[in-house]
Amino acid sequence: MTASSDGHGTGLCAGRVVVVTGAGRGLGRAHALAFAAEGAKVVVNDLGVGLDGAGGSSPGPARQVVDEIEAAGGEAVAHGGDIATGAGAAALIAAALDTYGRMDTLVNNAGFLRDRMLVNLDEDDWDAVLRVHLKGHFLTLKHAAAHWRAETKAGRTPVARVINTSSGAGLLGSVGQGNYSAAKAGIVGLTLVAAAEMGRYGVQVNAIAPAARTRMTEQTFAETMAAPGEGTGAFDAMAPENVSPLVVWLGSAASDGVTGRVFEAEAGRITVMEGWRPGPSVDRGARWAPAEAGEATRKLLAEAGAGLPVYGAR
């Protein structure tokens, strides 16, 4: 699943073409470099905007990652389009097909933050965050799926993979991140639907909920995300590169049979998330009166114990 101990890849993704969105920095950059190290040809997408999505489009970050990959002997191409538009998402998939003649793996990673408590959250900030995270995932997935469906109908069923990026905030909620949490929770729902719909076309769809040091976390969780001091030799638990081995494996043919799952990935830990499962239940066999429903609900809550913690709560 990882590069060999001498730092060279094992060829796990040799011959595969991988598209990574938001790959100019942070987790996306780490994923792109890791796929290239395992032999993949990589389409590096990044719009080059600021942490809050502001600023003009810049090819700089994507181009820098391509340069890194090429300097290491790999193959990559930069794409600077906006994947939260239909035209931009279509152009991204076309970039893979036009450059390399195929597409095998899509890693949806692009996003930004506009954190506010709900009473202070502007409608524009809500729309912007859902647009880049949730709509951005949907549109690239839609256009990739259309290609893979056409391949299947032509008798060339692909070994295709999609890795979506959720968050602990999407699984548990996060104070001050109502827009981000809602978008990331939506990505989990989208992942489950896509896995069910696209399996017939040879496509596996999974999601990760990573924790790592990026522009989106190093300020909000500065103490937790801090790197160890230079020269200490300590494991840098929050380095984004720690998440990428799982993403690379999920994006490879070796992950056959794994679909519709959500994984937490942090430091050296991988966790299979089990999602919502039925807890205590009671069936009266008839309609409840409100007070009776309340009394029964309190008993069920007592049986269930404490609720889920809120991610990032202080």
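Keep in mind that this is a model prediction, so the values were computed, not measured.

Considerations on the overall build of the protein chain
For the protein chain, the count of helices and strands is nine helices and eight strands. For the protein chain, the residues scored as buried account for 42% of the 314 residues in total. Of all intrachain contacts in the protein chain linking residues separated by at least 6 positions in sequence, the fraction that spans at least 24 positions is 70%.

Brief notes about the nonpolar core
Phe-35, Val-42, Val-44 and Ile-69 are the most contacted members of the largest nonpolar core, which totals 28 residues. Every element with two or more residues in this core is listed here: strand E1 (17–20), helix H1 (26–37), strand E2 (41–45), helix H2 (60–71), helix H8 (244–250) and strand E7 (262–266). Among residues more than four places away in sequence, those in contact with Val-44 are Val-20, Ala-23, Ala-32, Ala-62, Val-65, Val-66, Ile-69, Ala-76, Val-77, Ala-78 and His-79. Membership of the second largest hydrophobic core comes to 25 residues, among which are Ala-96, Leu-106, Leu-141 and Ala-145.

Some details on the pairing of E7
Two strands pair when backbone bridges link them, and strand E6 (residues 203–211) and E7 are joined in this way by five bridges, in the parallel orientation. Bridge pairing in E7 places Pro-210 opposite Ala-265. Looking at chain direction, E7 and strand E8 (residues 269–273) are connected through five bridges and run antiparallel. For Ala-265, the partnering residue across the bridge sits in E8 and is Ile-270. With antiparallel pairing between neighbouring strands as the criterion, E7 and E8 make up a hairpin whose turn holds two residues, including Ala-267 at a positive phi of roughly 55 degrees.

A short note on the pairing of strand E5 (residues 160–165)
Counting buried positions along E5 yields six of six residues, so the element is predominantly enclosed. What you see with E5 is no split at all: Ala-160, Val-162 and Asn-164 on one side and Arg-161, Ile-163 and Thr-165 on the other are buried throughout. Relative to E5, strand E4 (residues 105–107) runs parallel, the two being bridged by three bridges. Opposite Leu-106, over in E5, you have Val-162 as the bridge partner. Considered for its hand, the β-α-β crossover made up of E4, helix H4 (residues 123–153) and E5 is right-handed.

Some points on helix H9 (residues 290–304)
Counted at 1.5 Å a residue, the expected span for H9 with its 15 residues is 21 Å, and the 21 Å between its end C-alpha atoms agrees. Gly-305 sits one or two positions beyond H9 and adopts a positive phi of about 85 degrees.

Focus: the side chain of Asp-46
In this fold, Asp-46 is placed in the loop between E2 and H2. For the buried Asp-46, which has no salt bridge, the nearest side chain bearing the opposite charge is Arg-25, at an N-O separation of 4.1 Å. Reaching out from Asp-46, the side chain makes a polar contact with the backbone nitrogen of Gly-48 at a distance of 2.8 Å.

As for the environment of Ala-146
Mapped onto the secondary structure, Ala-146 falls in helix H4. Ala-146 sits 55 residues away from Tyr-201 along the chain, and the two C-alpha atoms are 9.7 Å apart.

Description of the confidence of the model for the protein chain
Residues with a pLDDT of 70 or more make up 86% of the protein chain, whose mean pLDDT is 90. Residue range residues 1–7 is modelled with pLDDT below 50. Its contacts to residues more than four positions away, or to other chains, number 13 contacts.

Rules and cut-offs
Residues numbered from 1 in each chain as written. Predicted model: local features only at pLDDT ≥ 70, side-chain atom pairs only at ≥ 80, totals over all residues. Heavy atoms only, no water. Helix = DSSP H or I, 4+ residues; strand = E, 2+ residues; numbered from the N terminus. Buried < 20%, exposed > 50% of the residue type's maximum accessible area, 1.4 Å probe, protein only. Contact = heavy atoms within 4.5 Å. Core = buried A, V, L, I, M, F, W, Y, C linked by side-chain atoms within 4.5 Å. Pairing = 2+ DSSP bridges. Right-handed = clockwise from strand over helix to strand, strands pointing away. Expected span 1.5 Å × (residues − 1). Lys, Arg positive; Asp, Glu negative; His and termini not counted. Salt bridge = Lys/Arg side-chain N within 4 Å of Asp/Glu carboxyl O. Polar contact = N/O pair within 3.5 Å; in protein donor to acceptor, adjacent residues only side chain to side chain. pLDDT = per-residue confidence, 0-100.

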